[in-house]
Amino acid sequence: MDIIIFGGQSNMQGQTECLSENKVVENAFEYKFLSDSFVPLKNPVGEDIGYDFKETFVYKKDSDFKTWIETTALGSACYGYTNMVPQFCRKYIEITGEKILAVHAAKGSTMVKEWLPPDKRFEVFIRKLTSAKEKLINKGETIGKIYFVWLQGESDAIFETSKAEYKEMLTKLNLILKENIGINKFGIIRVGRFTNDSRDDEIINAQSEICNENEDFLMLTEIATELNKQKEYMNPEVAGHYSAKGLEKLGFEAAKTLGNYRIK
């Protein structure tokens with residue numbers, strides 16, 4: 001069974017406008033840290049984990065944003081709506097024939113540095129990943145490949161993280177994940193445009209360059225910036241975020257790349 005970890009900020013957490021479908025993905029399971037269990041994978045995905053390793057709350061339209069930011073380390077798909085993970089896993093399984101354990105570990109409004117020590121989110125993040133792997137081993141399952149899929153960068157653009165700084169921190173994150181989880185590849189869904197100025201270019205170029213320069217990284221898709229230009233792929237209710245159709249498109253395209261890499 002392959003383990004695929006889905007990390008990043010709001011577009012990876014899932015902030016769409018609807019629940020497009022919630023059919024179970026055959027041969028795919030999601031790891032739930034709070035119950036230490038494997039459940040059939042379907043929308044909505046993720047879970048809301050506080051810095052005390054206890055359950056917080058699903059972010060909804062009437063939720064207090066400040067409280068959510070301050071108390072929640074990892075979040076489930078906002079409003080209980082669509083996330084890219086099920087669509088990604090369907091396509092990956094179609095290409096590879098492998099079973100999947102999906103581990104969703106994302107949180108909106110986060111910078112890359114917040115996924116690194118000593119940030120308090122890091123402890124929750126790494127604990128969930130190691131617990132998923134340990135449970136799979138304890139169940140007697142043979143682990144195939146372990147991949148990390150990353151969609152993040154909008155917050156770094158807002159706060160003017162430079163290309164060099166972003167690449168340095170992403171390199172550190174990769175090394176930590178290799179050491180602690182044993183990931184085989186760090187896959188990047190290249191971020192779309194959020195600030196719509198040169199700040200976006202710093203992050204976009206950083207992600208492109210690191211995939212070209214470091215063999216640990218794999219560019220999964222670059223279509224996010226094109227989807228930004230197409231109304232049907234953008235959330236009409238929350239600027240800068242993808243619609244259910246948009247996230248499903250991103251997941252589908254990214255899975256094609258990773259799936260074909262897996263079988264080559």
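Described in the following lines is the structure provided in the data block. (Residues numbered from 1 in each chain as written. Predicted model: local features only at pLDDT ≥ 70, side-chain atom pairs only at ≥ 80, totals over all residues. Heavy atoms only, no water.)

1. Thoughts on the nonpolar core
So, step 1. Formed by 43 residues in total, the largest nonpolar core has its most connected members in Ile5, Phe125, Phe148, Trp150, Leu170, Leu177 and Phe186.
So, step 2. The dominant element in this core, judged by the number of residues it contributes, is helix 4 (residues 120-138), at seven residues.
So, step 3. With 32 residues, the next largest nonpolar core counts Val45, Met84, Val85 and Leu220 among its residues. (Core = buried A, V, L, I, M, F, W, Y, C linked by side-chain atoms within 4.5 Å. Buried < 20%, exposed > 50% of the residue type's maximum accessible area, 1.4 Å probe, protein only. Helix = DSSP H or I, 4+ residues; strand = E, 2+ residues; numbered from the N terminus.)

2. Some thoughts on empty space enclosed by the protein
So, step 1. This structure, assessed with the given rule, holds one cavity of 30 Å³ or more.
So, step 2. In this structure, the largest cavity encloses a volume near 30 Å³.
So, step 3. Considering the residues around the largest cavity, the lining is formed by Ile3, Ile5, Val103, Leu129, Ala132, Lys133 and Ile181.
So, step 4. Elements with a contribution of two residues or more to the lining of the largest cavity: strand 1 (2-8) and helix 4.
So, step 5. If you tally residues by element for the lining of the largest cavity, the top one is helix 4, at three residues.
So, step 6. Across the lining of the largest cavity, the residue classes break down as six nonpolar, no polar and one charged. (1 Å grid on protein atoms, 1.4 Å probe; cavity = no way out; pocket = protein on both sides within 12 Å on 5 of 7 lines; lining within 4 Å. Points joined across faces, edges and corners; volume = space filled by probe spheres on them. Nonpolar A, V, L, I, M, F, W, Y, C, P; charged D, E, K, R; others polar.)

3. Quick look at the state of the cysteines
So, step 1. Evaluated as defined, the whole model comprises zero disulfides.
So, step 2. Here Cys78 stays free of any disulfide, with the sulfur of Cys18 as its closest cysteine sulfur at 14 Å.
So, step 3. Cysteine Cys89 remains unbridged, with the sulfur of Cys18 as its closest cysteine sulfur at 19 Å.
So, step 4. Given the relative accessible area of 0%, Cys89 is considered buried. (Disulfide = S-S within 2.5 Å.)

4. A closer look at the packing of aromatic side chains
So, step 1. Considering all chains together, one arrives at 17 aromatic pairs under this definition.
So, step 2. Seen from their ring centres, Phe65 and Trp68 are 6.0 Å apart, and the 40° between their planes marks the pair as tilted. Of this pair, Phe65 and Trp68 both sit in helix 2 (residues 65-71), three residues apart, which is roughly one turn of that helix.
So, step 3. The buried category is assigned to Trp68, whose relative accessible area is 3%.
So, step 4. Their ring planes at 65° and their centres at 6.3 Å tell us that Phe125 and Phe148 sit as a pair that is edge-to-face. Of this pair, Phe125 sits in helix 4 while Phe148 sits in strand 7 (residues 146-151), and the two are 23 residues apart along the sequence. An identical accessibility class is assigned to Phe125 and Phe148; each is buried.
So, step 5. Pairwise contacts between aromatic rings join Trp115, Phe125, Phe148, Trp150, Phe186 and Phe217 into one cluster.
So, step 6. Against the face of Tyr51 rests Lys120, its NZ or CZ located 4.4 Å from the ring centre.
So, step 7. Across from the ring centre of Trp115, 5.6 Å away, lies the NZ or CZ of Arg121, which sits over that ring. (Phe/Tyr/Trp six-rings, centres within 6.5 Å; stacked < 30°, edge-to-face > 60°. Lys NZ or Arg CZ within 6 Å of the ring centre and 35° of its normal.)

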